[in-house]
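Descriptive analysis of the structure
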Amino acid sequence: QPPIYGGNQPPPGTTDASGQAGLYPSVLEEDDKHKANGKRVTFPSDDDIVSGAVEPKDPWRHAQNVTVEEILTYYKQACQKLNCKPITKVLKQIQELKDLTQRNECLDLKGEKLDHKACESLEEILKRIQFKVIDLEQTNLDEDGASALFDMIEYYESATHLNISFNKHIGTRGWQAAAHMMRKTSSLQYLDARNTPLLDHSAPFVARALRISGSLAVLHLENAGLSGRPLMLLATALKMNMNLRELYLADNKLNGLQDSAQLGNLLKFNYNIQILDLRNNHILDSGLAYVCEGLKEQRKGLVTLVLWNNQLTHNGMGYLAAALPCTQSLETLNLGHNSVGNEGVHKLKDGLITNRSVLRLGLASTKLSCEGAVAVAEFIAESPRLLRLDLRENEIKTGGLMALSLALKVNTSLLRLDLDREPKKETVKSFIETQRALLAEIQNGCKRNFILAKEKEETDQKMRQSASMAEIATEDGTREEVVEEENTSDSDTEDEEETELGTSSASTEQIPPPHPPSNSSPPPGAPLSPGRCISVSSPGRGHKIFMVTRVESPPEPLMNSSAAFSKTKDASEKSTDTNPQPSLQNLPQPSTQTDDRPTHPTLEDGKQGTPVSSTHLSVSCGQELEEMLLEASLETGRDAP
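Residues numbered from 1 in each chain as written. Predicted model: local features only at pLDDT ≥ 70, side-chain atom pairs only at ≥ 80, totals over all residues. Heavy atoms only, no water.

By the naming in an unreviewed UniProt entry, the protein chain goes by Protein phosphatase 1 regulatory subunit 37 and is assigned to Gouania willdenowi.

So this is what it looks like as structure tokens:
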């Protein structure tokens, strides 16, 4: 309430005995005729009210019209002032920069020992140049150096991808600065903090940062000691996060009780995370039950779930089989290196067949035998969309390979079936050659699907191009035809990922059109070497894979798929040249079942396979193979519609 001036009080704004002016507006005394109307108040002019103003500092005021030589000079001067030695790797990278007006590719400090002074001197570079990637892996950061660097990266928006992995001593203040950076920066999209402990006293800062939907889309926290309270804080915060797309929590010793319950609750509320990597933890069957409860709520969102090496058994597959029909977004499921066994695959089978989204299933080293492979074959025969299946490191012998080969005669989508290169030991020596022949048949079935998938995609692309030519011409100019590419790299690295070719399925069911693969490969129309192999890696191990990319000659005509799966041994001896090749539109829908057991697609990016002609190999299998083919064919013939 403003004061009331009256009586004998001196009016504000007048000069007191000391001669100093008051702080209030002046009140002007008028003659007696105005006194009855009260006092009049005036205020000083605007120039007198505002004593001064300061503009916010421009973070990039130092980056205007700067040259590489000047940046190097400033950096060396800063090092001299701080009494530290300039980093040779940094000097070399700065000298090689060409364009300073846009983000440069990478500032690589991996393996350098960065103390507080070395970090402070880097500000002369970060205030003048922005990067896409800043790699601080294994740089021995301490709390002072880490907090200084993270503050710089936040203030100057220095990076979109930041790697701080293998820094075990950044401490609470370092994580606090990292959390502030995550919350404030608008450019940081990727943070890799593998093998950087995030302990109880640091986790609250990161959790508060993740509660806000910032720019961060990919978060790696492998082997960060998250089990217990840190995971609880992070999972609770991520329920409200709308931007994070990939979350990697491998090697954190997550247990099958509280930790798994937190993950299940996270999946119930967050529909934005697309990749959840839980490899090499201790989820167990009890934890899988919690995860599957959350998975049931994922009508959209989660695309990839990695459960590699979590001590799962056949008992946990029942929970997964119940959740699979509910999820509509899950495309990749990796169960490798768990003791699933034949019984577990049987439980999983019905859920996989009912599911309408899984494209890749990993069952490497899951203790499967021929019995489990027959169940997998049934799933292959039923699936119109399965793209990849990983069955490596299992004891699948002649009987299982025969079932898989027969299933591929009716499947038109499977592009990669990963099996061990060498045949398994058999008591009957002739079966070794039989296995080789069956592996070749399986190989050719995948090649057949691959070739027709490419042809189908090219046809669809031409139709879309001709239908929208006017729009394309006005908006994009001439659009080049997108030809699906094949990844033929052969690598043994653990985390290598290959992309698959995708096309529409042969079934009457509508499948979304494929999108181009992310990996580069030979130019369209270039012939691929028939000797090349596709490599597949599942989490935890990298093995060269059994898969051939191309056939040297055009595919042979196709047998009727239904008949191929139901005919007797005569079908295996019959020459494929006598069978007419059907059109792509009239190919039979894969519907025949071989047995009552499950299969699984593997872990790679890819698309659907198109209907295609079946390339049969004329194999002399011996009397034993003929009898086995006859028996399998008769059984499937009785089950066939």
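Alright, that's what it looks like, and here's the rest.
1. Quick word on the overall build of the protein chain
Across its full length, the protein chain holds 21 helices and 16 strands. Put simply, the protein chain has 641 residues, and 50% of those count as buried. For the protein chain, the accessible area works out to roughly 29900 Å², and carbon and sulfur atoms hold 49% of it. (Helix = DSSP H or I, 4+ residues; strand = E, 2+ residues; numbered from the N terminus. Buried < 20%, exposed > 50% of the residue type's maximum accessible area, 1.4 Å probe, protein only. Areas by Shrake-Rupley, 256 points an atom, 1.4 Å probe, with all protein chains shown as cover.)

2. With respect to the nonpolar core
Grouped together as the largest cluster of nonpolar side chains are 124 residues, with contacts concentrated most on Leu136, Leu162, Leu249, Leu391, Leu404 and Leu417. Considering each element in turn, this core owes the most residues, 8 residues, to helix H15 (residues 370-382). Grouped together as the second largest cluster of nonpolar side chains are 5 residues, Leu359, Leu387, Leu415 and Phe450 included. (Core = buried A, V, L, I, M, F, W, Y, C linked by side-chain atoms within 4.5 Å.)

3. Considerations on the pairing of strand S4 (residues 131-135)
Bridge analysis of strand S3 (residues 104-108) against S4 gives 4 bridges, and the strand direction is parallel. Its bridge partner lying in S4, Cys106 is registered against Val133. As defined by bridge partners, S4 adjoins strand S5 (residues 161-163) across 3 bridges and the pair is classed as parallel. When the sheet's bridge partners are listed, Val133 is paired in S5 with His161. For the handedness criterion, the β-α-β arrangement of S4, helix H7 (residues 143-156) and S5 is classed as right-handed. (Pairing = 2+ DSSP bridges. Right-handed = clockwise from strand over helix to strand, strands pointing away.)

4. Some words on the sheet that holds strand S13 (residues 388-390)
Pairing within the open sheet is parallel, and its 12 strands lie in the order S3-S4-S5-S6-S7-S8-S9-S10-S11-S12-S13-S14. Of all strands in the sheet, those bounded by a partner on one side alone are S3 and strand S14 (416-418). Taken pair by pair, the neighbouring strands of this sheet meet at an average axis angle of 5 degrees, ignoring direction. Inspection of the sheet shows strand S6 (residues 190-192) paired to strand S7 (residues 218-220) by 3 bridges, in the parallel sense. Its bridge partner lying in S7, Tyr190 is registered against Val218. (Axes fitted to C-alpha atoms, helices over the stretch in contact; angles between N-to-C directions.)

5. Looking at a positive patch on the surface
On the surface, Arg183, Lys184, Arg208 and Arg211 cluster together into a patch of positive charge. Listing elements by their share of the positive patch, those giving two or more residues are helix H8 (171-184) and helix H9 (203-211). On the secondary structure map, Arg211 appears in helix H9. (Patch = residues over 30% accessible without salt bridge, like charges linked within 9 Å, V, L, I, M, F, W, Y side chains within 5 Å. Salt bridge = Lys/Arg side-chain N within 4 Å of Asp/Glu carboxyl O. Lys, Arg positive; Asp, Glu negative; His and termini not counted. Charge placed at Lys NZ, Arg CZ, Asp CG, Glu CD.)

6. Describing the packing of H15 against helix H16 (residues 398-408)
Axis separation between H15 and H16 bottoms out at 8 Å; the angle between their running directions is 5 degrees. Taken together, the axis directions place H15 and H16 in an arrangement best described as roughly parallel. Contacts from Cys370, Ala373, Val374, Val376, Ala377, Ile380 and Ala381 in H15 reach Thr398, Gly399, Gly400, Ala403, Leu404 and Ala407 in H16. Classifying every residue of the contact of H15 with H16 by side-chain character gives 10 nonpolar, 3 polar and no charged. (Parallel < 35°, antiparallel > 145°, perpendicular 65-115°, else oblique. Contact = heavy atoms within 4.5 Å. Nonpolar A, V, L, I, M, F, W, Y, C, P; charged D, E, K, R; others polar.)

7. Description of the environment of Asn265
Structurally, Asn265 can be placed in helix H11 (residues 258-269). Along the chain, Asn265 and Val291 lie 26 residues apart, while their C-alpha atoms are 8.1 Å from each other.

8. What to know about the packing of aromatic side chains
Going through the model one piece at a time under the given rule, you end up with 1 aromatic pair. Ring geometry for Tyr155 and Tyr156: centres 5.0 Å apart, planes at 80 degrees, overall edge-to-face. (Phe/Tyr/Trp six-rings, centres within 6.5 Å; stacked < 30°, edge-to-face > 60°.)

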